[in-house]
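Fold and geometry: a report
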Amino acid sequence: MTITRRRALAAGAGLGIVAATPLRAQATKLKWAHVYEINEPYHTEAQWAAQEIAKRTNGKFQIDVFPASQLGNENQINEGLSLGTVDLIYTGVAFAGSIHKPLAITNAPYVLRDYNHWKAYRDAPLFRQIASGYESRTRHKVAALTYYGARHVTANKAINKPEDMRGMKLRVPPAPLFLMFTKSVGANATPIAFAEVYLALQQGTVDGQENPLPTIMAKKFYEVQSHIMLTGHITESLVSVVGSHVWSRLGDAEKTAFQEVLMQAASRASEAIRASEGQLADELRKLGKTVIEPDRAAFRAVAVPLHNDASAGAGWSRAEYDALQALAPSS
């Protein structure tokens, strides 16, 4: 090497320039937004998925997960996905259903029989067919379906039958389909963002709320509600959605990696939530809460007539509804 060449390299190094060796391309940074707490399986599995995708793409993608509404409430992160300000989200099917109504079909009260019926739907061509309608409208990718849990009502009084909820101010998520449940029982729906529910309960803005037991524990709603009614009125789901601005730029191998990892994370979170549901009623009793098993048959009887009523929020075809009802667990 000539003296001139050595001097040039030394000068470049002093300026922080590395001209002799090409720099490795920087990782593409992506933001994954959701509204759940850091100790919930949705968040821990999202973190696992982020690490796994980085491994499977040789570090090409760095996914940072933003929990607990840090990047906005459900409506805001859905909007952010379309604006490109967030790249991946978890969102409830009722929120995704505001764009493509059939995707919210499983949020009709008592439309699903149990967890096994939910799994049969997750694994059925029917889910992928319905999801493809959302994908056609948005160009986003519905990568996975996660079990959120059976939703139960909490209040500061006992509720045993639908009539006990008449006139009650019930907090519901700000998504139209949740009005089907409140309509069926005669409650007054009060849409409030998830991050604001605790304060609304504490201040008496609403009389009660409804969520799965793991959420009731994680968000500490039991601190401001004395009674938990195991209504199980909605078998709730989340979809993992990759924004169109990301999905359209992935190669085939990268799409496969994202899809497989997000489906695996969803399955892991689903099983964890299902397992915790079996223990939490007793834990709430130990905390001094009154846990009631109401007349579910009576609740179901007032809900079923609304399942295909467009004025109550139904937005699916009769064929989709019948196909869902016909699903049986795989052996």
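Scope of this entry: the structure provided in the associated data block. (Residues numbered from 1 in each chain as written. Predicted model: local features only at pLDDT ≥ 70, side-chain atom pairs only at ≥ 80, totals over all residues. Heavy atoms only, no water.)

1. Observations regarding the pairing of strand β4 (residues 141-155)
- β4 sits mainly inside the fold: 15 of its 15 residues count as buried.
- Across 12 bridges, β4 lies against strand β8 (residues 227-242) in antiparallel orientation. Residue pairing for β8: G149 is matched across the bridge by E236.
- Pairing of β4 with strand β7 (residues 208-211), which is carried by four bridges, proceeds in the antiparallel orientation. Each residue of the ladder has a partner; that of V153, found in β7, is E210. (Buried < 20%, exposed > 50% of the residue type's maximum accessible area, 1.4 Å probe, protein only. Helix = DSSP H or I, 4+ residues; strand = E, 2+ residues; numbered from the N terminus. Pairing = 2+ DSSP bridges.)

2. So, the environment of I192
- Within the secondary structure, I192 sits in the loop between β6 (188-191) and α8 (197-203).
- Judged by its relative accessible area of 11%, I192 falls in the buried class.
- A sequence separation of 77 residues divides I192 from A269, and the C-alpha atoms of the two residues are 25 Å apart.
- Among all residues touching I192, those that are not within four sequence positions of it are R171, V172, P173, P174, V197, A200 and V206. (Contact = heavy atoms within 4.5 Å.)

3. As for the pattern of salt bridges
- Tallied over the full model, the rule gives 13 salt bridges.
- Residue R268 is joined to E45 by a salt bridge in which the shortest nitrogen-to-oxygen separation is 2.6 Å. One end of the pair, R268, is in helix α11 (residues 252-286); the other, E45, is in helix α2 (residues 41-56), and 223 residues separate them in sequence.
- Using a relative accessible area of 35% as the deciding quantity, one classes R268 as partly exposed.
- Of the charged contacts in the structure, one is a salt bridge between R56 and E260, with a shortest N-O distance of 2.7 Å. You can see R56 sitting in helix α2 and its partner E260 sitting in helix α11, a full 204 residues away along the chain.
- With a relative accessible area of 41%, E260 lands in the partly exposed category.
- What emerges from the salt-bridge pattern is a single network uniting R128, E135 and K141. (Salt bridge = Lys/Arg side-chain N within 4 Å of Asp/Glu carboxyl O.)

4. Concerning the side chain of H34
- Turning to its location among the elements, H34 is positioned in the loop between β1 (28-33) and α2.
- There is a polar contact of 3.1 Å between the side chain of H34 and the side chain of H43.
- For H34, the residues in contact, after removing those within four places along its chain, are H43, V65, F66, P67, A68, S69, I77 and Y90. (Polar contact = N/O pair within 3.5 Å; in protein donor to acceptor, adjacent residues only side chain to side chain.)

5. Regarding helix α6 (residues 125-138)
- With 14 residues, α6 should cover 20 Å at 1.5 Å per step; its first-to-last C-alpha distance of 20 Å lies within 8% of that length.
- R139 lies just past α6 and shows a positive phi near 70°. (Expected span 1.5 Å × (residues − 1).)

6. Examining the packing of aromatic side chains
- Applying the stated criterion across every chain yields a total of 11 aromatic pairs.
- With 5.5 Å between their ring centres and 35° between their planes, Y42 and Y148 make a pair best called tilted. Of this pair, Y42 sits in helix α2 while Y148 sits in strand β4; the two residues are 106 residues apart in sequence, bridging distant segments of the chain. Judged on exposure class, the residue Y42 and its partner Y148 are both buried.
- Through a chain of ring-to-ring contacts, three or more aromatic side chains come together here, namely W32, Y36, Y42, Y90, Y148 and F194.
- One cation-aromatic arrangement involves K219 over F194; the distance from NZ or CZ to the ring centre is 4.8 Å.
- The ring of W48 has R268 sitting right over it, with the charged end atom 4.2 Å from the ring centre. (Phe/Tyr/Trp six-rings, centres within 6.5 Å; stacked < 30°, edge-to-face > 60°. Lys NZ or Arg CZ within 6 Å of the ring centre and 35° of its normal.)

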